[in-house]
Amino acid sequence: MLRRSLSLAFHTIKLYLSDPAPLMVFILMPLGLMAFLAPASRALLLAQGYPHAGGAEQAVPGMTVMFSFFVIGVIGIQFFREQGWGTWDRLRIASGTVEILVGKIVPGLLLLLVQLVVVFAAGTFLFGMRVSGSVAALAVIAAGFAVCIMALTMALIAWCRTLDQLNVLSNVCAILLSGLGGSFAPVSELPRWAQAAAHASPAYWAMQGMRAVILDGAGMRTALSTCLVLAAFAGAFALLAVVRFNAREVKGSET
């Protein structure tokens, strides 16, 4: 089982590397947006009592979290294209459903982690963001958030019948969940209805944890409590995926 899963994982990684343009876009675009958002974010952070903030403390984690949602489409397209290429049935015959899922989920999770780390690190370097707390705690929160996004990806793949549906829903999730979560502006600056709804977004908990580490000097305890909430979201998304996923279902792979 492990050998077949690893073989499929390496094959999926090769597919990602054969067309790196989508991932490069989702690395370069958030960096460009950080340049526009950091000055405005500085004023908001100053008003919240952070006199030494430069604005990157809000813009960098905000854009990193937001664009991780867009990677859902990059991961999901590999599931749908296997059917378009006529290779899905061959995979299903040669390997069990669990082996296929492991071989697809592991590369997708690695892709998410690479995107999170590269965007966060590049944003920190380019815009001079200083982290008051534990860098290791930030890494733990990023890993927990990547797992949560991967679980959401599998839920969307399971419930969407066509690639177009997946693309639309992943974009809606990116804007709605990251916006409610505070990617554009601190949640305290949002309308009251949005502040109330923000708790239903995993982006909110990731952003709160990251802000606590970056601005307030929080450490591993905050990271672990954040990851517990993200794990609850991931469990709910995984349950949705398990309820609906059917390896024999024919998916529409054309856009």
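In this text, all values refer to a predicted model and were calculated from it rather than measured experimentally.

## Quick look at the overall build of the protein
At step 1: Scanning the protein for helices and strands turns up 10 helices and zero strands.
At step 2: Written out in order from the N terminus, the α and β elements of the protein read α-α-α-α-α-α-α-α-α-α.
At step 3: Counting only C-alpha atoms and orienting by the principal axes, one finds that the protein spans roughly 60 × 35 × 35 Å.
At step 4: Out of the 255 residues belonging to the protein, those deemed buried represent 50%.

## Brief notes about the environment of Ala185
At step 1: By the secondary structure assignment, Ala185 is in the loop between α7 (163–181) and α8 (192–197).
At step 2: Exposure remark for Ala185: the relative accessible area of 17% places this residue in the buried category.
At step 3: Considered as a pair, Ala185 and Leu44 are 141 residues apart in the sequence and their alpha carbons are 8.0 Å apart.

## Comments concerning the packing of aromatic side chains
At step 1: For the coordinates displayed, the defined rule picks out six aromatic pairs.
At step 2: Each ring, one from Phe26 and one from Phe70, has its centre 5.7 Å from the other, and the planes form 15°; the classification is stacked. Of the two residues, Phe26 is situated in helix α2 (residues 21–47) and Phe70 in helix α3 (residues 56–84); the sequence distance between them amounts to 44 residues. Phe70 carries the same exposure label as Phe26, and that label is buried.
At step 3: Above the face of the Trp159 ring, Arg244 is positioned so that its terminal group lies 5.8 Å from the ring centre.

## Regarding the environment of Leu116
At step 1: Residue placement: Leu116 occurs in helix α5 (residues 97–127).
At step 2: Given the relative accessible area of 3%, Leu116 is considered buried.
At step 3: Separated by 55 residues in the primary sequence, Leu116 and Pro61 place their C-alpha atoms 9.3 Å from one another.
At step 4: Not counting the four nearest positions on each side in its chain, Leu116 is found in contact with Thr64, Ser68, Ala142, Phe145 and Ala146.

## Quick word on the nonpolar core
At step 1: One finds Phe69, Phe145 and Leu166 to be the most contacted residues of the largest nonpolar core, which totals 70 residues.
At step 2: Mapped by element, the contributors of at least two residues to this core are α2, α3, α5, α6 (135–159), α7, α9 (202–216) and α10 (220–244).
At step 3: If you tally residues by element for this core, the top one is α3, at 16 residues.
At step 4: Not counting chain neighbours up to four residues away, the residues in contact with Leu166 comprise Ile72, Gly76, Ile77, Phe80, Leu156, Ile157 and Cys160.
At step 5: Of all hydrophobic cores here, the second largest spans six residues; its members include Leu190, Ala194, Ala198 and Tyr204.

## Topic: a nonpolar patch on the surface
At step 1: A cluster of nonpolar side chains, namely Val98, Val102, Val106 and Leu110, defines an oily patch on the protein surface of about 300 Å² accessible area.
At step 2: Inspection of the secondary structure assignment puts Leu110 in helix α5.
At step 3: A residue is classified by how much of its surface remains accessible, and Leu110, at 43% relative accessible area, is partly exposed.

## Quick word on the side chain of Thr226
At step 1: By the secondary structure assignment, Thr226 is in helix α10.
At step 2: Accessibility expressed as a relative area gives 6% for Thr226, which makes it buried.
At step 3: Beyond its immediate stretch of four places on either side in the chain, Thr226 contacts Ile141, Trp205, Ala206 and Gly209.

## Regarding the packing of α6 against α9
At step 1: Between α6 and α9, the shortest axis-to-axis distance is 10 Å and the interhelical angle comes to 175°. The orientation of α6 relative to α9 falls into the category roughly antiparallel. Contacts from Ala137, Leu138, Ile141, Ala142, Phe145 and Cys148 of α6 reach α9 at Pro202, Ala203, Ala206, Gly209, Met210, Val213 and Ile214.
At step 2: For the contact of α6 with α9, a count of residues per class yields 12 nonpolar, one polar and no charged.

## Notes on the environment of Gly54
At step 1: Position of Gly54 among the secondary structure elements: in the loop between α2 and α3.
At step 2: On the accessibility criterion, Gly54 (40% relative accessible area) is partly exposed.
At step 3: Residues Gly54 and Ala43, spaced 11 residues apart in sequence, show a C-alpha to C-alpha distance of 8.6 Å.
At step 4: With residues up to four places along the chain from it excluded, the contact list for Gly54 reads Ala38 and Arg42.

## Here's the deal with the layout of surface pockets
At step 1: Volume-wise, the largest pocket comes out at about 430 Å³.
At step 2: Tyr16, Asp19, Leu23, Val74 and Leu111 are, among the 24 residues lining the largest pocket, the residues nearest its centre.
At step 3: Looking at which element gives the most residues to the lining of the largest pocket, the answer is α3, with six residues.
At step 4: Taken together, the residues of the lining of the largest pocket sort by class into 16 nonpolar, six polar and two charged.

Calculation rules
Residues numbered from 1 in each chain as written. Predicted model: local features only at pLDDT ≥ 70, side-chain atom pairs only at ≥ 80, totals over all residues. Heavy atoms only, no water. Helix = DSSP H or I, 4+ residues; strand = E, 2+ residues; numbered from the N terminus. Buried < 20%, exposed > 50% of the residue type's maximum accessible area, 1.4 Å probe, protein only. Phe/Tyr/Trp six-rings, centres within 6.5 Å; stacked < 30°, edge-to-face > 60°. Lys NZ or Arg CZ within 6 Å of the ring centre and 35° of its normal. Contact = heavy atoms within 4.5 Å. Core = buried A, V, L, I, M, F, W, Y, C linked by side-chain atoms within 4.5 Å. Patch = residues over 30% accessible without salt bridge, like charges linked within 9 Å, V, L, I, M, F, W, Y side chains within 5 Å. Areas by Shrake-Rupley, 256 points an atom, 1.4 Å probe, with all protein chains shown as cover. Salt bridge = Lys/Arg side-chain N within 4 Å of Asp/Glu carboxyl O. Axes fitted to C-alpha atoms, helices over the stretch in contact; angles between N-to-C directions. Parallel < 35°, antiparallel > 145°, perpendicular 65-115°, else oblique. Nonpolar A, V, L, I, M, F, W, Y, C, P; charged D, E, K, R; others polar. 1 Å grid on protein atoms, 1.4 Å probe; cavity = no way out; pocket = protein on both sides within 12 Å on 5 of 7 lines; lining within 4 Å. Points joined across faces, edges and corners; volume = space filled by probe spheres on them.

Scope: geometric values only; no functional claims are made or implied.
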